[in-house]
Amino acid sequence: MFSFERMIKVWDKYSSMYWSGLGYTLLFALAAVVVGMILGLVIASGRMMKSQSRDNEAVKWLKGVVRAVCTAYVEVFRATPMLVQVFIIYYSIGMVLKLPDSSFNRMFWGMVAVGLNSAAYMSEVIRSGIGAVPGGQMEAARCVGMSHWQAMQHVILPQAVRNILPAMCNEFVTIIKETSVLGMVGIVELMFRAQSIAKQTYIFLEPYVIAAILYFIVVFPLSKIISAVERRMSKSVTR
């Protein structure tokens with residue numbers, strides 16, 4: 001049965017380990033979202049490639065291959081559990097391309113796995129954000145002499161940020177919770193710390209309750225702040 005007194009004792013003795021684990025969790029989540037945002041932009045651009053009438057057959061074929069690869073990437077990563085992805089990436093690539101330090105090797109490939117997963121979701125966020133920008137904006141930019149990529153950089157993406165930002169922040173909140181699977185491959189984050197403390201103390205409920213409280217302390221305020229910002233941005237659009 002749960003004991004509040006036991007939980008206080010566990011916290012008094014192991015609070016530094018919990019704070020350390022929480023710090024790594026936030027670091028992994030932030031790194032994953034940054035990787036996901038950069039790679040997601042590339043994938044979204046690939047999925048949005050369109051063949052032009054002036055393109056030759058080779059270019060049309062290449063664009064079709066790029067679209068197919070990017071679409072397959074998104075579908076595979078969105079249709080499989082993150083835990084499975086972490087295992088596959090860590091025990092295949094991570095075991096072949098080992099970094100000198102074993103602890104850093106686990107952390108690096110764990111972040112890669114979470115980042116690749118995040119990229120699949122971020123690409124859809126970016127694609128929908130760009131799709132929400134009126135199509136006439138691209139045509140107007142091309143008419144004044146901009147290339148496709150210049151128009152994307154200077155016209156489309158700045159307008160799409162308003163649509164993308166709330167969903168991007170929500171992805172960060174989601175990743176904070178999902179990094180808990182990294183403990184399964186020995187990566188030191190919050191859930192790994194809770195598991196270690198449970199094994200050391202033979203107390204198997206209270207350490208996880210503490211971890212849940214720490215997740216709540218971080219995620220709940222962030223979710224409320226994001227919701228408030230999203231409402232404010234939507235109001236500014238309707239004015």
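Remember, it's a predicted structure, so these values are computed and weren't measured experimentally. (Residues numbered from 1 in each chain as written. Predicted model: local features only at pLDDT ≥ 70, side-chain atom pairs only at ≥ 80, totals over all residues. Heavy atoms only, no water.)

Before going further, it helps to spend a moment on the overall build of the protein chain. If you tally the helices and strands in the protein chain, you get 8 helices and 0 strands. Reading the secondary structure of the protein chain in the N-to-C direction produces α-α-α-α-α-α-α-α. Taken along the three principal axes of its C-alpha coordinates, the protein chain extends 70 × 50 × 30 Å. Here the protein chain holds 239 residues, and the buried ones make up 39% of them. For the protein chain, the share of sequence-separated contacts (at least 6 apart) that also reach a separation of at least 24 residues comes to 74%. (Helix = DSSP H or I, 4+ residues; strand = E, 2+ residues; numbered from the N terminus. Buried < 20%, exposed > 50% of the residue type's maximum accessible area, 1.4 Å probe, protein only. Contact = heavy atoms within 4.5 Å.)

Aromatic rings considered in pairs are described by the distance between their centres and by the relative angle of their planes. All told, the structure shown has 9 aromatic pairs when counted by the stated rule. A centroid spacing of 5.6 Å and a plane angle of 75° characterise the contact between Trp11 and Trp19, whose relative ring orientation is edge-to-face. Judged by its relative accessible area of 26%, Trp11 is partly exposed. Overall, the relative accessible area of 47% leaves Trp19 in the partly exposed class. An aromatic cluster is defined as three or more aromatic residues linked by ring pairs; in this entry it consists of Trp11, Tyr18 and Trp19. (Phe/Tyr/Trp six-rings, centres within 6.5 Å; stacked < 30°, edge-to-face > 60°.)

A few words on helix H2 (residues 57–79). Counted at 1.5 Å a residue, the expected span for H2 with its 23 residues is 33 Å, and the 33 Å between its end C-alpha atoms agrees. Within H2, burial applies to Lys63, Cys70, Tyr73, Val74 and Phe77. Contacts made by the buried residues of H2 are with helix H1 (4–47), helix H3 (82–96) and helix H4 (102–131). (Expected span 1.5 Å × (residues − 1).)

Right, let's talk about a nonpolar patch on the surface for a bit. A grouping of Phe2, Phe4, Ile8 and Leu205 is seen on the molecular surface, where their side chains present a nonpolar patch of about 380 Å² in accessible area. Turning to its location among the elements, Phe4 is positioned in helix H1. (Patch = residues over 30% accessible without salt bridge, like charges linked within 9 Å, V, L, I, M, F, W, Y side chains within 5 Å. Areas by Shrake-Rupley, 256 points an atom, 1.4 Å probe, with all protein chains shown as cover. Salt bridge = Lys/Arg side-chain N within 4 Å of Asp/Glu carboxyl O.)

The next point concerns the nonpolar core. Val10, Tyr18, Val86, Ile156, Ile175, Ile176 and Leu190 are the most contacted members of the largest nonpolar core, which totals 53 residues. Residues in contact with Ile156, not counting those within four places in the same chain, are Ile130, Val133, Gln137, Met138 and Ala151. Core analysis: the next-biggest nonpolar cluster, separate from the first, contains 7 residues, Tyr73, Phe77, Ala119 and Ala120 among them. (Core = buried A, V, L, I, M, F, W, Y, C linked by side-chain atoms within 4.5 Å.)

As a packed pair, H3 and H4 sit with axes 9 Å apart at the nearest point and diverge in direction by 135°. If you check the angle between H3 and H4, you find them oblique. Classified by chirality, the crossing of H4 by H3 is right-handed. Residue-level contacts link Met82, Gln85, Val86, Ile89, Tyr90, Ile93, Gly94 and Met95 of H3 to Asn105, Arg106, Trp109, Ala113, Val114, Leu116 and Asn117 of H4. Each residue belonging to the contact of H3 with H4 can be placed in one class, and the counts come to 10 nonpolar, 4 polar and 1 charged. (Axes fitted to C-alpha atoms, helices over the stretch in contact; angles between N-to-C directions. Parallel < 35°, antiparallel > 145°, perpendicular 65-115°, else oblique. Left-handed = near helix turned anticlockwise from the far one by under 90°. Nonpolar A, V, L, I, M, F, W, Y, C, P; charged D, E, K, R; others polar.)

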